[in-house]
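# Structural overview
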Amino acid sequence: MSKERIIFCDFDGTITVNDNIVAIMKHFNPPGWDAIVEQILSKQISIKQGVGAMFALLPTSRREEIVDYAISNAVIRDGFKEFVDYCQVNGIKLLITSGGIDFFIYPLLKPFPISVDHIYCNASSFEGSTIEILWPNRCDEHCTTDCGMCKTSIIRSYPAEKYERIIIGDSITDFEGAKLVDTIFARAHLIDMCEQLNYPYYAFDTFFDIMKQLEAEPVI
């Protein structure tokens, strides 16, 4: 019997053209956010620590302004609507696995037929004086990288014996997951990381590129 195809698809910089967290920080420009990004990229601090620290720089008094900007600024990558339809027609389970935040991910995905229980992301609280990021999808006992939103934990919950596992992503948050799957669709930083370790991958610019390759690849 062939395996069931399952896709773990990143959101920021993958479904959307730009990284929405970086766009928010650049626009509101709280002092010190760029230094936190450098610490994340150089692995001085974990992704969880860095994302939490960046949003803690933003006052909840600007909630409406921040949410409106995040949603209005985002651009959905070409072919995503058709890709969601393609997965439904072909019986491919599509999970959105994102280190992004609920207050912009849920509204931006609402126009697409993706059930809420197939969306994994970080949550947020506006109860205090600054934005607090919550972590409903933490690392399991096999992951020590303090991801915040642990993609590898989610991937491991779909065993390789049953599923043909496919990841779509663009950045450092997708790299650990890329080590576990059968097929990698990559762009931006994820391409650099795959090339450093000689991991095979398919580059993409639009979701039409991904559909074309999935059609060409026989199901395992």
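Our structure is the block above this text.
Residues numbered from 1 in each chain as written. Predicted model: local features only at pLDDT ≥ 70, side-chain atom pairs only at ≥ 80, totals over all residues. Heavy atoms only, no water.

The next point concerns the packing of helix α1 (residues 20–28) against helix α4 (residues 63–73). Helices that pack against each other are described as a pair by the angle of their axes relative to one another and the distance between those axes. Axis separation between α1 and α4 bottoms out at 10 Å; the angle between their running directions is 125 degrees. Classified by the angle their axes make, α1 and α4 are oblique. Seen from above, α1 lies across α4 with right-handed handedness. Along its contact with α1, which presents Asn20, Ala23, Ile24, His27 and Phe28, the element α4 presents Glu65, Ile66, Tyr69, Ala70 and Asn73. A class-by-class count of the residues in the contact of α1 with α4 yields six nonpolar, three polar and one charged. (Axes fitted to C-alpha atoms, helices over the stretch in contact; angles between N-to-C directions. Helix = DSSP H or I, 4+ residues; strand = E, 2+ residues; numbered from the N terminus. Parallel < 35°, antiparallel > 145°, perpendicular 65-115°, else oblique. Left-handed = near helix turned anticlockwise from the far one by under 90°. Contact = heavy atoms within 4.5 Å. Nonpolar A, V, L, I, M, F, W, Y, C, P; charged D, E, K, R; others polar.)

Using the criterion set out here, one finds 13 aromatic pairs in the structure. Centre to centre, the rings of Phe11 and Phe104 are 6.4 Å apart; their planes meet at 35 degrees, and the pair counts as tilted. Taken together, the residues span a long stretch of sequence, with Phe11 in the loop between β1 (4–9) and α1 and Phe104 in helix α6 (residues 102–109) at a distance of 93 residues. Ring centres 5.0 Å apart and planes at 35 degrees place the aromatic pair Phe83 and Phe207 in the tilted group. (Phe/Tyr/Trp six-rings, centres within 6.5 Å; stacked < 30°, edge-to-face > 60°.)

Turning our eyes to something else, we now look at the sheet that holds strand β4 (residues 132–134). Strand order in this open sheet of seven strands is β4-β3-β2-β1-β5-β6-β7, and the pairing throughout is mixed. Each end of this open sheet is capped by a strand with a single partner; those strands are β4 and β7 (202–203). Direction of pairing for strand β2 (residues 93–101) relative to strand β3 (residues 119–125): parallel, over a ladder of three bridges. Note on β3: the bridge partner recorded for Ile101 is Asn122. (Pairing = 2+ DSSP bridges.)

Pairs can form between side chains of opposite charge once their charged atoms are near each other. Throughout the structure, instances matching the rule amount to eight salt bridges. Two residues, Lys151 and Asp10, come together in a salt bridge whose shortest N-O distance is 3.0 Å. Note that Lys151 is positioned in helix α7 (residues 151–156) and Asp10 in the loop between β1 and α1, a separation of 141 residues in sequence. The exposure class assigned to Lys151 is buried, which follows from its relative accessible area of 4%. The network of salt bridges with common partners includes Asp10, Lys151 and Asp174. (Salt bridge = Lys/Arg side-chain N within 4 Å of Asp/Glu carboxyl O. Buried < 20%, exposed > 50% of the residue type's maximum accessible area, 1.4 Å probe, protein only.)

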